[in-house]
Amino acid sequence: MQGPGVVDRPCFVHRGGVRQEVEHELNLVYVCVVEILEISVERISVRDCNCFYLRKAARHLTQIYDTILAPSGIRSTQYMILAVLNERRGLSVNELAEVMVMDRTTMGKNLRPLVRDGLIAVNVSDLDRRSRTVGLTKKGFKVLGDAYPLWKIVDSSFQKMHGRQFSEDLRGMLDLVTRDKRA
């Protein structure tokens, strides 16, 4: 067998095990791999990691929104789902997952408590019997309406702290990131 990193010598095996020269070659390969990994690990720094800072900021904001939304009985993720369903009627579960940038399974897990609490209804689509549509119930509209003033407090506070232009620019940049399928 030939290729990058493959030794072009026959490997002889006898009853006592692998010949000593083959063991030596394997040890050299192991040492090289370990050295490459050590060099790579030394270069790892979260200071240069966009994902680290995005996730850190997302967790921070989520904690703030969740704290303020607590009296409404829903969390920020649930609020966002209800808000999207209020804005875009008749979405399928897959379409909702796409809008929220979630996989179908994760979306299903996020919908279960909302269905259980009577905030949304999942029904068979009129257009495609294999598809399910998601919609707000009357109770869901009420909870969303009750949660909105709480959400507005946090959102307005963020904008006051960072400025209107910064807030708009941030949303625009983050929207671009979610649209770029290459990143």
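Residues numbered from 1 in each chain as written. Predicted model: local features only at pLDDT ≥ 70, side-chain atom pairs only at ≥ 80, totals over all residues. Heavy atoms only, no water.

A. Molecular detail of unusual backbone geometry. The phi dihedral of Val101 falls on the positive side, at around 55°, and the residue is not glycine. Mapped onto the secondary structure, Val101 falls in the loop between α4 (93-100) and α5 (104-116). Judged by relative accessible area, which is 58%, Val101 ranks as exposed. (Helix = DSSP H or I, 4+ residues; strand = E, 2+ residues; numbered from the N terminus. Buried < 20%, exposed > 50% of the residue type's maximum accessible area, 1.4 Å probe, protein only.)

B. Structural view of the side chain of Ser72. Positionally, Ser72 belongs in the loop between α2 (50-69) and α3 (76-87). Accessibility expressed as a relative area gives 18% for Ser72, which makes it buried. A distance of 3.4 Å separates a polar atom in the side chain of Ser72 from the backbone nitrogen of Ile74. Once residues lying within four places of it in the same chain are set aside, the contact partners of Ser72 are Val143, Ala147 and Leu150. (Polar contact = N/O pair within 3.5 Å; in protein donor to acceptor, adjacent residues only side chain to side chain. Contact = heavy atoms within 4.5 Å.)

C. The environment of Leu91, seen in detail. On the secondary structure map, Leu91 appears in strand β3 (residues 91-92). Assessed through its relative accessible area of 10%, Leu91 is described here as buried.

D. Local environment of the packing of aromatic side chains. Counted under the stated rule, the structure contains four aromatic pairs. Consider the rings of Phe158 and Phe166, whose centres lie 6.4 Å apart with planes at 40°: the pair is tilted. Here Phe166 falls in the partly exposed class, since its relative accessible area comes to 40%. In textbook terms, an aromatic cluster arises when at least three aromatic residues are bridged by ring pairs, as seen for Tyr79, Tyr148 and Trp151. (Phe/Tyr/Trp six-rings, centres within 6.5 Å; stacked < 30°, edge-to-face > 60°.)

E. Region of the structure containing the pairing of strand β5 (residues 132-136). The pairing of β3 with β5 spans two bridges and is classified as antiparallel. From the neighbouring strand, Leu91 faces β5, where its bridge partner is Val134. As paired elements, strand β4 (residues 120-124) and β5 share five bridges and run antiparallel to each other. Residue Val124 lies in a different strand from β5, and its bridge partner there is Arg132. (Pairing = 2+ DSSP bridges.)

F. Main features of the layout of surface pockets. One number sums up the size of the largest pocket: a volume of about 2,400 Å³. Contributing to the lining of the largest pocket are 45 residues, with Met80, Arg171, Leu174, Asp175 and Thr178 lying nearest its centre. At the level of elements, α2, α3, α4, α6 (138-162) and α7 (164-179) are the ones that each hand at least two residues to the lining of the largest pocket. Top element by residues in the lining of the largest pocket is α2. It accounts for twelve residues. When its residues are assigned to classes, the lining of the largest pocket shows 24 nonpolar, ten polar and eleven charged. (1 Å grid on protein atoms, 1.4 Å probe; cavity = no way out; pocket = protein on both sides within 12 Å on 5 of 7 lines; lining within 4 Å. Points joined across faces, edges and corners; volume = space filled by probe spheres on them. Nonpolar A, V, L, I, M, F, W, Y, C, P; charged D, E, K, R; others polar.)

G. Highlighting a nonpolar patch on the surface. Together, Leu54, Leu174 and Val177 line one region of the surface with nonpolar side chains, adding up to about 230 Å² of accessible area. Examined against the element boundaries, Leu174 turns out to sit in helix α7. Leu174 sits in the partly exposed class, given a relative accessible area of 35%. (Patch = residues over 30% accessible without salt bridge, like charges linked within 9 Å, V, L, I, M, F, W, Y side chains within 5 Å. Areas by Shrake-Rupley, 256 points an atom, 1.4 Å probe, with all protein chains shown as cover. Salt bridge = Lys/Arg side-chain N within 4 Å of Asp/Glu carboxyl O.)

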